[in-house]
Amino acid sequence: MASGVRNGGTGRMSGRLDRQQSSTATPKAAPGKPRLSAAPGGGGSAYRRTSSGPLPSAAGGGGGRASSESGVSSRVRVAVRLRPRNAEEQAADADFADCVELQPELKRLKLRKNNWESDTYEFDEVLTEFSSQKRVYEVVAKPVVESVLEGYNGTVMAYGQTGTGKTFTLGRLGDEDTAARGIMVRAMEDILADITPETDTVSLSYLQLYMEMIQDLLDPVNDNIAIVEDPRTGDVSLPGATVVEVRDQKSFMDLLRIGEAHRVAANTKLNTESSRSHAILMVNVRRAVKGRNEMDVSMSAENGHSSSMVGSFRPPIVRKSKLVVVDLAGSERIDKSGSEGHTLEEAKSINLSLSSLGKCINALAESSAHVPVRDSKLTRLLKDSFGGTARTSLVVTIGPSPRHRGETTSTIMFGQRAMKVQNMVKLKEEFDYKSLCRRLDIELDKLIAENERQRKYFDDEVERITAEAQFRIAEAERECKIVLENEKMKYHQEYLDSIKILEEKWKVHQQSPKKQIKETESTSNGEVQNLLQNEKVLRQSAEDESNDLKNQLSHWKKMEATATAEVVRLRKMLDTEASQKEKLEEEIGVLKSQLMQLSLDADETRISLDTGDGPGKIFPGLDSLMSHTRSSQPREQSNGPKAPVAKLFEQVGLQKILSLLESEEPDVRIHAVKVVANLAAEEANQEKIVEAGGLTSLLMLLRSSEDETIRRVAAGAIANLAMNETNQDLIMAQGGVTLLSMTASDAEDPQTLRMVAGAIANLCGNDKLQTRLRGEGGIKALLGMVKCGHPDVLAQVARGIANFAKCESRAATQGNKVGRSLLVDDGALPWIVKNANNEAAPIRRHIELALCHLAQHEVNAKDIVSEGALWELVRISRDCSREDIRMLAYRTLTSSPILQSEMRRLRIEC
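Definitions and cut-offs
- Residues numbered from 1 in each chain as written.
- Predicted model: local features only at pLDDT ≥ 70, side-chain atom pairs only at ≥ 80, totals over all residues.
- Heavy atoms only, no water.
- UniProt positions renumbered as here; feature names shortened; annotations may be inferred.
- Helix = DSSP H or I, 4+ residues; strand = E, 2+ residues; numbered from the N terminus.
- Buried < 20%, exposed > 50% of the residue type's maximum accessible area, 1.4 Å probe, protein only.
- Contact = heavy atoms within 4.5 Å.
- Areas by Shrake-Rupley, 256 points an atom, 1.4 Å probe, with all protein chains shown as cover.
- Salt bridge = Lys/Arg side-chain N within 4 Å of Asp/Glu carboxyl O.
- Pairing = 2+ DSSP bridges.
- Core = buried A, V, L, I, M, F, W, Y, C linked by side-chain atoms within 4.5 Å.
- pLDDT = per-residue confidence, 0-100.
- Expected span 1.5 Å × (residues − 1).
- Arc of directions from axis to C-beta.
- Patch = residues over 30% accessible without salt bridge, like charges linked within 9 Å, V, L, I, M, F, W, Y side chains within 5 Å.
- Polar contact = N/O pair within 3.5 Å; in protein donor to acceptor, adjacent residues only side chain to side chain.
- Axes fitted to C-alpha atoms, helices over the stretch in contact; angles between N-to-C directions.
- Parallel < 35°, antiparallel > 145°, perpendicular 65-115°, else oblique.
- Phe/Tyr/Trp six-rings, centres within 6.5 Å; stacked < 30°, edge-to-face > 60°.

- Per an unreviewed UniProt entry, the recorded name for the protein chain is Kinesin-like protein, and the organism is Brachypodium distachyon.
- Check the Sequence similarities (unreviewed entry) section of the UniProt entry for the protein chain; it says "Belongs to the TRAFAC class myosin-kinesin ATPase superfamily. Kinesin family. Ungrouped subfamily."

Here is the structure:
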């Protein structure tokens with residue numbers, strides 16, 4: 001049947017035009033310049049002019065409102081958002097597909113009626129479960145916020161079933177992760193970033209509609225706020241609500257936290273934190289319009305008018321807009337939510353208000369003459385949002401679960417009807433006459449004060465100039481007297497100085513020549529004494545410097561002797577280290593030869609044990625992989641008898657053998673891991689190997705080595721160690737199952753797969769490790785190795801499945817396990833049935849045993865019948881070569897009611 005297409009009353013072309021128009025950004029005009037811009041939410045042909053018009057006359061103020069412009073028709077835009085599956089739905093609806101299919105590139109949604117029939121719906125935006133909070137905000141709320149900043153009212157609302165993510169979409173604070181912030185937080189960030197704090201104001205109120213009572217979330221005492229309607233304009237207001245002015249984002253976040261703490265929520269079956277009230281955030285934005293007045297002043301100046309007078313008497317224009325964000329409480333069905341008592345009364349009130357909202361939207365969509373707005377307080381509060389003057393965006397939230405297909409259908413139809421509602425978006429501008437009056441009073445006071453100040457300044461300036469002139473005349477007379485006096489004293493002093501100089505010269509010429517000779521001799525004797533004294537000082541300093549150099553020379557000789565002794569000591573140390581290095585190289589050579597001899601001896605020792613040591617020992621069958629090493633490396637002949645594994649183990653030491661596992665030479669690592677594997681085959685050596693860190697080293701080789709031989713032998717050694725229950729816990733704790741599974745997926749050699757399968761098969765025999773083994777991929781790894789087809793590999797896989805089934809049977813008998821077998825869940829049953837009659841006796845024996853254990857429990861009986869395993873059980877009870885398995889199959893068939901019923905239906909006799 002062809003699916004019907006509904007698009008909310010709009011054709012495909014009209015929906016495409018709406019999307020194109022809404023996605024076109026409106027550029028902001030530069031201050032003082034007129035521009036033409038598309039009206040928010042309007043069609044592509046609707047434009048409005050934002051340049052200033054003529055001023056109204058003084059008598060035509062009309063209550064302070066500016067000349068109104070005609071409204072522009074704008075359809076309610078609707079986006080649908082899908083919530084991802086939660087944990088409960090993933091578990092309960094795992095076998096069912098989602099009831100919706102999104103086509104975001106086509107903006108379509110398909111609602112499945114059944115497996116072959118669906119309905120298709122178109123929306124303005126289709127948001128998948130992977131859509132980010134930022135993406136939701138940009139396509140749903142950002143156009144509305146931009147309109148609010150331009151002076152239009154706007155509404156953003158979320159509608160949907162409880163638990164589908166309405167509060168997450170709108171009110172998420174994003175304290176832990178900023179990327180998870182909701183529409184409320186992001187809208188306020190954009191508003192605060194765009195306004196000018198000096199001229200613009202932002203205030204908000206935060207309310208909840210609970211049980212048909214409007215309560216203030218910022219002041220919980222105010223719990224019954226009345227709605228007041230303007231009889232002239234019909235606008236709805238809440239004068240009793242708390243209004244808080246917001247200056248920054250931090251104060252807004254604090255207010256949101258206060259409001260969220262007071263909002264009513266309850267725990268229901270559908271949502272652990274179900275909102276029991278409609279939350280309403282009202283943000284009032286008041287912005288001053290500067291561009292028009294500045295442009296008009298410039299135009300008046302060009303026409304010869306006084307620009308200052310025009311600017312003074314022009315009232316400022318303000319734009320008042322309001323953003324309303326509504327987080328509706330979720331619609332719910334009582335039988336699904338489990339509401340009772342007071343919670344039931346809350347649910348009735350929520351559903352009643354949502355029903356009234358749906359009736360109003362139906363009436364608006366059908367252009368009915370009567371819209372029942374007064375049926376509910378919610379519809380009265382949203383009167384402007386639907387059919388009013390606000391630009392409205394609605395996001396409907398839905399869930400993917402097919403159990404809630406009815407609620408999802410109702411939500412989608414609500415959104416489709418809302419898309420038919422048309423609003424008349426109007427710009428709200430007012431003349432601020434009170435501000436003009438205050439400005440003129442301030443201007444008048446300034447002019448009066450300026451006039452008084454200028455008069456006082458003129459008088460003071462005249463007095464100051466007169467006093468300054470008188471002061472300058474007196475100062476000039478005083479300075480003239482001082483200069484004349486200074487010049488007179490200067491010339492007199494020069495005259496006295498010249499007379500004194502002439503007198504001194506005359507006295508010098510009058511002195512005797514003999515006196516001059518005596519003074520000359522005395523002067524020469526003093527100079528000779530000074531020279532002798534300087535010579536003594538220089539000689540003493542030279543002697544001191546010579547002594548200092550002698551001391552330094554002796555000190556350097558001592559240091560040279562010390563350095564020579566140190567050089568001799570270092571040479572002796574180097575000689576000692578060289579001899580030790582030669583000894584270590586000789587010892588390493590001996591160890592290599594011993595390891596090679598040990599690996600060759602171990603081959604011959606283990607050949608006879610390949611098939612006779614029980615199901616747990618895997619490594620004795622290494623003769624096939626060791627033969628290649630033996631053929632490529634010829635055995636060295638020796639005169640004495642060969643040392644057995646135990647003797648070499650005692651001579652060399654386990655630590656040295658394990659240390660060679662980390663050697664850089666591949667041959668050394670191969671021989672070392674072979675020795676460790678042969679030692680691990682002996683139960684007496686296993687504890688010593690584990691205590692010395694051998695298990696960790698083997699797992700490290702399995703993880704890091706790319707050599708097929710090393711991985712093969714290491715897997716065999718781990719298989720031998722896995723025979724011990726204590727070692728099994730250690731293997732699981734160190735991630736051994738994951739490493740074995742990775743090795744199985746990468747390996748192609750049957751012998752390597754045989755070793756890995758044997759190790760996992762040994763782990764399958766531990767009752768305590770069942771869940772962990774399956775969780776880390778052990779069962780899937782076993783089933784993946786059957787692709788190899790090698791009989792030895794299949795035998796180990798069959799043994800592992802038999803061990804696992806036996807442990808499950810024992811746990812179910814003891815009451816430690818309920819539910820279907822994990823083997824059945826992982827898809828092992830078809831392979832078991834296929835190989836139940838395998839030609840190889842070991843494979844057949846293990847699979848027969850596994851099938852009997854699976855069939856012992858009634859919860860697996862239906863799967864046994866559906867997969868055709870019943871015939872194999874009947875065959876086992878009749879033809880199995882082992883009596884214990886044959887009797888187990890017989891008891892299983894006779895004790896199961898489901899199997900007995902199926903046998904009677906097919907007329908099969910046991």
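1. Remarks on the overall build of the protein chain
Okay, so step 1: A count of helices and strands for the protein chain gives 34 helices and 22 strands.
Okay, so step 2: The buried share among the 910 residues of the protein chain stands at 42%.
Okay, so step 3: In the protein chain, the proportion of contacts linking residues at least 24 apart, taken out of those at least 6 apart, comes to 73%.
Okay, so step 4: Surface exposure of the protein chain reaches about 49,900 Å², of which carbon and sulfur atoms provide 53%.

2. As for the pattern of salt bridges
Okay, so step 1: In the structure shown here, the tally under the stated rule is 42 salt bridges.
Okay, so step 2: Measuring nitrogen to oxygen at the nearest pair gives 2.8 Å for the salt bridge that ties Arg263 to Asp327. Here the residue Arg263 occupies a position in the loop between helix H6 (249–262) and strand E16 (265–266), and Asp327 occupies one in strand E19 (residues 317–327), the gap between them amounting to 64 residues.
Okay, so step 3: According to the relative accessible area criterion, Arg263 is buried, its value standing at 10%.
Okay, so step 4: Overall, Asp327 belongs to the buried group, its relative accessible area being 2%.
Okay, so step 5: Here Glu725 ties to Lys768 by a salt bridge, and the two come within 4.0 Å at their closest N and O atoms. Within this pair, whereas Glu725 is found in helix H22 (residues 725–733), its partner Lys768 is found in the loop between helix H24 (750–764) and helix H25 (770–775), the two being separated by 43 residues in sequence.
Okay, so step 6: For Lys768, a relative accessible area of 65% gives the class exposed.

3. A look at the pairing of E19
Okay, so step 1: A large share of E19 lies buried, amounting to nine of its 11 residues.
Okay, so step 2: Pairing between strand E10 (residues 154–160) and E19: five bridges, direction parallel. Looking across to E19, one finds that Val156 is bridged to Val325.
Okay, so step 3: Bridge count between strand E18 (residues 278–289) and E19: 11 bridges; the pairing is antiparallel. The residue of E19 that forms the bridge with Ala279 is Asp327.

4. Examining the nonpolar core
Okay, so step 1: Of all hydrophobic cores here, the largest spans 92 residues; its most connected members are Met785, Val797 and Trp831.
Okay, so step 2: Contact partners of Trp831, with chain neighbours within four places excluded, come to Val786, Leu794, Val797, Ala798, Ile801 and Ile847.
Okay, so step 3: Core analysis: the next-biggest nonpolar cluster, separate from the first, contains 44 residues, Ala241, Val324, Leu354 and Phe386 among them.

5. As for the environment of Ser331
Okay, so step 1: With respect to the helices and strands, Ser331 occurs in the loop between E19 and helix H9 (334–337).
Okay, so step 2: For Ser331, a relative accessible area of 17% gives the class buried.
Okay, so step 3: Non-local contacts of Ser331, meaning those with residues more than four positions away in its chain, are made with Gly160, Gln161, Thr162, Asn351 and Leu354.

6. Thoughts on the pairing of strand E12 (residues 213–216)
Okay, so step 1: Sheet topology note: the strand E11 (residues 201–210)/E12 ladder contains four bridges and is antiparallel. For Leu209, the partnering residue across the bridge sits in E12 and is Ile214.

7. Some thoughts on the confidence of the model for the protein chain
Okay, so step 1: Across the protein chain, the average pLDDT comes to 78, with 80% of residues at or above 70.
Okay, so step 2: Under a pLDDT of 50 for its full length, residues 1–69 has, in the predicted model, 108 contacts with residues more than four places off or in other chains.
Okay, so step 3: Predicted confidence for residues 297–302 stays below pLDDT 50, and this span has five contacts to residues more than four positions away or in other chains.

8. Quick look at helix H33 (residues 883–895)
Okay, so step 1: The first and last C-alpha atoms of H33 sit 18 Å apart over 13 residues, in line with the 18 Å expected at 1.5 Å per residue.
Okay, so step 2: When we look at burial in H33, the residues that qualify are Ile885, Leu888, Ala889, Thr892 and Leu893. Looking down the long axis of H33, one finds its buried residues gathered within 130° of arc, a one-sided arrangement. Of the exposed residues in H33, the ones pointing more than 90 degrees away from its buried face are Glu883 and Ser895.
Okay, so step 3: Where H33 is buried, its residues contact helix H30 (841–855), helix H32 (869–879) and helix H34 (897–906).

9. Here's the deal with a nonpolar patch on the surface
Okay, so step 1: Among the surface-exposed residues, Tyr495, Leu496 and Ile499 lie close enough to one another that they form a single nonpolar patch of about 280 Å² accessible area.
Okay, so step 2: Tracing the chain through its elements places Leu496 in helix H13 (residues 433–509).
Okay, so step 3: Relative accessible area serves as the criterion here: at 39%, Leu496 is assigned to the partly exposed category.

10. Comments concerning the side chain of Arg875
Okay, so step 1: With respect to the helices, strands and loops of the structure, Arg875 is situated in helix H32.
Okay, so step 2: Arg875 sits in the buried class, given a relative accessible area of 15%.
Okay, so step 3: Of the polar contacts made by the side chain of Arg875, one reaches the backbone oxygen of Ala836; its length is 3.0 Å.
Okay, so step 4: Beyond its immediate chain neighbours, meaning those up to four positions away, Arg875 contacts Ala836, Asn837, Glu848 and Cys880.

11. Here we look at the packing of H32 against H34
Okay, so step 1: In the contact formed by H32 and H34, the axes pass within 11 Å of each other and the chain directions differ by 90°. The orientation of H32 with respect to H34, classified from their angle, is roughly perpendicular. Taking contact as the criterion, the partners of Leu870, Trp871, Leu873 and Val874 in H32 are, on H34, Leu899, Glu902, Met903 and Leu906.

12. Comments concerning the packing of aromatic side chains
Okay, so step 1: A full pass over the atoms with the stated rule returns one aromatic pair.
Okay, so step 2: Arranged with centres 3.8 Å apart and planes meeting at 10°, the rings of Tyr159 and Phe414 form a pair that is stacked. Residue Tyr159 is found in strand E10, and its partner Phe414 is found in helix H12 (residues 405–418); the two are separated by 255 residues along the sequence.
Okay, so step 3: A relative accessible area of 2% means that Phe414 is categorised as buried.

13. Focus: the side chain of Thr169
Okay, so step 1: Considering the arrangement of structural elements, one finds Thr169 in helix H4 (residues 166–171).
Okay, so step 2: Judged by relative accessible area, which is 1%, Thr169 ranks as buried.
Okay, so step 3: A polar atom in the side chain of Thr169 sits 2.9 Å from the side chain of Arg81.
Okay, so step 4: Thr169 has contacts with Arg81, Gln133, Val136, Gly182, Ile183 and Thr397, leaving out every residue within four places of it along the chain.

14. Comments concerning unusual backbone geometry
Okay, so step 1: One non-glycine residue, Lys107, adopts positive backbone phi at about 55°.
Okay, so step 2: Secondary-structure assignment places Lys107 in the loop between strand E6 (100–103) and strand E7 (108–112).
Okay, so step 3: Residue class for Lys107 comes out buried when judged on its relative accessible area of 16%.

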